[in-house]
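Okay, here's what each chain looks like letter by letter:
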Amino acid sequence: MVKSKKSIPYGRQSISQADVDAVIAVLNSDYLTQGPTVAAFERAVADRVGAAHAIASNSATSSLHLACLALGVGPGDVVWTTPITFVASANCARYCGASVDFVDIDPLSYNLSVDRLREKLEQAEKHGQLPKAVVVVHLAGHPADMSAIRSLSRQYGFYVIEDASHAIGGSYRSTKIGSCAYSDITIFSFHPVKVITSGEGGMALTNDERLARKIARLNSHGITRQADEMQHSSHGPWYYEQLELGYNYRMTDIHAALGLSQLSRLEEFVSRRHLLARRYDEALKDLPLVLPWRHEQDYSGFHLYVVRLRDDLKKNHRAIFEALRERGVLVNLHYIPVYRQPDYEPLEFNAANFPQAETYYASAMSIPLYPDLSEDEQNEVVLALREVLG
Ligand SMILES: *Cc1c(COP(=O)(O)O)cnc(C)c1O
């Protein structure tokens, strides 16, 4: 297909000369990995969001795996999450030999529904199958109702992992996303389409020192060099101990340098996303679309601008997608309900149990939103939507 105009992706990174310089500085330094930059990035993110501890990994997928392991998720356990998420939010439990179940979404926020969660917990308690942990995703950056979820977690005794891959820079009520004020562990992703990037990368945040140590160890082969964690007395200055079977999920200093440099633009990025979102709200309000909801007391990371087609247009969902892509507007769909993935079919989920997720999947569309999207480009997106929906 030949296109005259450059196509507009749904999301992309914004790289400055300072980012490039920061990476080059590490390349010219003594350490490409296991140097000071990873620790500096961890400290900077932890301080920024108000968490006590942060452990950087090579992806959020790795961080989610480590979070589950650190919380003791294993065979015989069940972990619940939302079906409208990237597969990694659910896969993390399966890596640990646990099984996964889903809670239907809220029709307004598209996050895991607290009402459905409460009902499902009541049922699960009767059958003695309460979840070990619930992975809560702040879809598109809009914070889930953490206070209600935390109360349920205290009542029923499950852990809460926030998959905040979309939500760095946001806040829930008076707390920053990542502060773990309502969760045991929060995870960020630094993939290039996310709010800030390190190329590939993820981070686990927690206020629990024991969890932090466990995650840090599992992140690097299960090895410790800290005397107070060792089981035997040291043999000498070379000595370390492998205490458990861990992984090499470490972030490199090259990636951390990019992440750290990007972090200094976090506020600028998120406020630009909000500005563009408000422009969309205004420009699209007369179209047959459901525009994104946000809670007036919260601040979204605004990773995605998700619109939904009104009911009468749902039958044209695919055609509308194709027509927009044809015009160079590279809309995307976040996400296919996870239980629909072929790898999940043997687990025999019934789509009828997730009516809101199905409705969402039949009508949702992420339209371009990223800091470097110009107002002219945004106007092109609006025009394409008008033509296609008009
Ligand atoms: C991107 C994403 C992940 C995985 O992040 P990676 O850093 O690419 O491993 C997990 N969960 C959600 C909700 C995501 O959007």
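Counting restarts for each chain, with residues numbered from 1 along the sequence as it is written. Local features in this predicted model are restricted to residues whose pLDDT is 70 or higher, and side-chain atom pairs enter the listing and the counts only when it is 80 or higher, whereas totals over whole chains, interfaces and linings include all residues. Derived side-chain values reflect all non-hydrogen atoms in the structure, with water molecules and hydrogen atoms excluded from consideration.

Participant: Explain the overall build of the protein chain here, please?
Facilitator: Secondary structure elements follow DSSP: runs of H or I no shorter than four residues count as helices, runs of E no shorter than two count as strands, and numbering proceeds from the N terminus. Within the protein chain, the regular secondary structure consists of 12 helices and 14 strands. For 390 residues, the compact-globule estimate of 2.2 N^0.38 gives 21 Å, and the protein chain sits close to it at 22 Å. Across the 390 residues of the protein chain, 54% fall into the buried class. Considering only contacts within the protein chain whose residues lie at least 6 apart along the sequence, 72% involve residues at least 24 apart. Surface accessibility follows the Shrake-Rupley procedure with a 1.4 Å probe radius. Residue values consider only the protein chains on display as shielding. Counting only carbon and sulfur atoms, one obtains 49% of the accessible surface of the protein chain, whose full area is about 17100 Å². Our radius of gyration looks at C-alpha atoms and nothing else; its globule reference is 2.2 Å times the residue count to the power 0.38. Residue burial is assigned from relative accessible area. The probe radius is 1.4 Å, only protein chains are included, and a residue is buried under 20% of its type maximum, exposed over 50%, and partly exposed in between. The contact criterion used throughout is that any non-hydrogen atoms of two residues lie within 4.5 Å.

Participant: Even after reading the chapter, I still don't get the site of the ligand, so can you show me in this structure?
Facilitator: Taken together, 16 residues lie around the ligand, and Thr61, Asp163, His166, Ser189 and Lys194 are the ones closest in. The side chain of Lys194 places a nitrogen or oxygen atom 2.9 Å from an oxygen atom of the ligand. Contact between the ligand and Tyr335: an oxygen atom at 3.1 Å from a side-chain N or O atom of the residue. Expressed as a share of its isolated accessible area of 390 Å², the protein-covered part of the ligand is 93%. Any residue with a non-hydrogen atom lying within 4 Å of a molecule or strand is treated as near it. Polar contact is defined as a pair of N or O atoms within 3.5 Å, subject to the rule that within protein one atom must be able to donate a hydrogen and the other to accept it, and that residues adjacent in sequence are counted only when both atoms are side-chain atoms.

Participant: Where do I start with the sheet that holds strand 9 (residues 202–206) in this structure?
Facilitator: In a beta sheet, neighbouring strands are held together by backbone hydrogen bonds and run either parallel or antiparallel to one another. Spatially, the seven strands line up as an open sheet ordered 1-9-8-5-4-2-3, and their pairing is mixed. With one partner strand each, in any of the chains shown, strand 1 (53–57) and strand 3 (99–102) form the two edges of the open sheet. Between one strand axis and the next, the sheet turns by 20 degrees as a mean value, whatever way the strands run. Its contacts with the sheet place helix 4 (residues 88–95) against strand 2 (78–81), strand 3, strand 4 (133–137) and strand 5 (159–163), and it is angled at close to 150 degrees to strand 3. Relative to strand 5, helix 6 (residues 146–156) is tilted by about 155 degrees, and along the sheet it contacts strand 4 and strand 5. A pair of strands counts as paired when DSSP detects no fewer than two bridges linking them. Only the stretch in contact is used when fitting a helix axis, every axis being a line fitted to C-alpha atoms; angles between N-to-C directions are given from 0 to 180 degrees.

Participant: Looking at this structure, I do not really get empty space enclosed by the protein. What am I missing?
Facilitator: Unoccupied space between atoms shows up once a probe the size of one water molecule is rolled over them. The way it works is a 1 Å grid over only the protein atoms, where trapped points that fit a 1.4 Å probe form a cavity and open points with protein on both sides within 12 Å along at least five of seven lines form a pocket, and then any residue with an atom within 4 Å of a point lines it. Grid points are joined across faces, edges and corners, and a volume is the space filled by probe spheres set on the points. Scanning the entire structure with this criterion turns up three cavities of 30 Å³ or more. Approximately 60 Å³ is the volume attributed to the largest cavity. Every residue lining the largest cavity is listed: Leu108, Ser109, Tyr110, Leu139, Ala140, His142, Pro292, Trp293, Leu304 and Val306. Gly falls in the polar group here, along with every residue not listed as nonpolar (Ala, Val, Leu, Ile, Met, Phe, Trp, Tyr, Cys, Pro) or charged (Asp, Glu, Lys, Arg). Here the lining of the largest cavity is built from residues that sort into eight nonpolar, two polar and no charged. Mapped onto the domain boundaries, the lining of the largest cavity takes at least three residues apiece from domain 1 (17–263) and domain 2 (266–389). For every domain, the bounds stem from an assignment made automatically or drawn from a database.

Participant: What exactly am I supposed to notice about the pattern of salt bridges here?
Facilitator: Between side chains of opposite charge, a pair can form as their charged atoms come close. Salt bridge, as applied in this entry: a Lys or Arg side-chain nitrogen positioned within 4 Å of an Asp or Glu carboxyl oxygen. Overall, the coordinates contain 24 salt bridges when judged by the stated rule. Here Glu268 makes a salt bridge to Arg265, at a shortest N to O gap of 3.8 Å. Through salt bridges that share partners, Glu209, Arg213, Lys214, Arg217, Asp228, Glu229 and Glu244 make up one connected network.

Participant: Hey, could you run me through the layout of surface pockets in this one?
Facilitator: Volume-wise, the largest pocket comes out at about 800 Å³. Looking at the lining of the largest pocket, the elements that each hand over two or more residues are helix 2 (36–49), strand 1, helix 7 (209–218) and strand 10 (223–224). Tallied by class, residues from the lining of the largest pocket come to 11 nonpolar, nine polar and eight charged. Estimated volume of the second largest pocket: approximately 370 Å³. Around the second largest pocket, the lining is made up of 24 residues, and of these Phe86, Ser189, His191, Lys194 and Tyr335 lie nearest the centre. Counting only elements with at least two residues in the lining of the second largest pocket, the list comes to helix 3 (60–70) and helix 4. Examining the composition of the lining of the second largest pocket, we find that three residues originate from one element, helix 3, more than from any other. Looking at the lining of the second largest pocket, its residues break down into nine nonpolar, 12 polar and three charged. Counting contributing residues, the lining of the second largest pocket receives three or more from each of domain 1 (17–263) and domain 2 (266–389).

Participant: I'm lost on the domain arrangement of the protein chain in this one. Help?
Facilitator: Note: interface size is frequently given as the accessible area lost on complex formation between the parts. According to the domain assignment, the protein chain contains domain 1 (17–263) and domain 2 (266–389). Relative placement of domain 1 and domain 2: their C-alpha centres are 26 Å apart. Accessible area that two parts lose when put together, evaluated with a 1.4 Å probe and summed over both, is termed the buried area. When domain 1 packs against domain 2, the two sides together hide about 3300 Å² of surface, and 62% of this comes from carbon and sulfur. The largest contributions to the domain 1 side of the interface with domain 2 come from Tyr110, His142 and Arg173, which together make up 18% of the buried area. Linking domain 1 with domain 2 are three salt bridges. In this structure, Arg48 engages Glu267 in a salt bridge whose closest nitrogen and oxygen atoms are separated by 3.9 Å. At the junction of domain 1 with domain 2, the criterion picks out 18 residue pairs in polar contact (both at pLDDT 80 or more). Breaking the side of domain 1 that touches domain 2 down by element, the ones donating at least two residues are helix 4, strand 3, strand 6 (171–172) and helix 8 (253–263). Classifying every residue of the side of domain 1 that touches domain 2 gives 22 nonpolar, 10 polar and six charged.

Participant: What exactly am I supposed to notice about a nonpolar patch on the surface here?
Facilitator: By definition, no residue in a patch forms a salt bridge, and every one has over 30% relative accessible area; like charges are joined within 9 Å, nonpolar side chains (Val, Leu, Ile, Met, Phe, Trp, Tyr) within 5 Å. Nonpolar side chains collect at one region of the surface, where Ile15, Val20, Ile24, Leu27 and Leu32 lie side by side and expose about 400 Å² of accessible area between them. Tracing the backbone shows Ile24 in helix 1 (residues 17–27).

Participant: Would you take a moment to explain helix 10 (residues 317–326) for this structure?
Facilitator: For an α-helix, 3.6 residues make a turn, and residues three or four places apart therefore share a direction. All of the buried residues in helix 10 are His317, Ile320, Phe321 and Leu324. Looking straight down helix 10, one finds its buried side chains confined to an arc of 100 degrees; they lie on one side. For helix 10, exposure combined with an orientation more than 90 degrees from the buried face picks out Arg318 and Glu326. Buried positions along helix 10 lie against strand 13 (305–309), helix 11 (355–361), strand 14 (364–367) and helix 12 (375–389). Looking at the residues trailing helix 10, positive phi occurs at Gly328, about 85 degrees. To be clear, the arc concerns the directions from the helix axis to the C-beta atoms.

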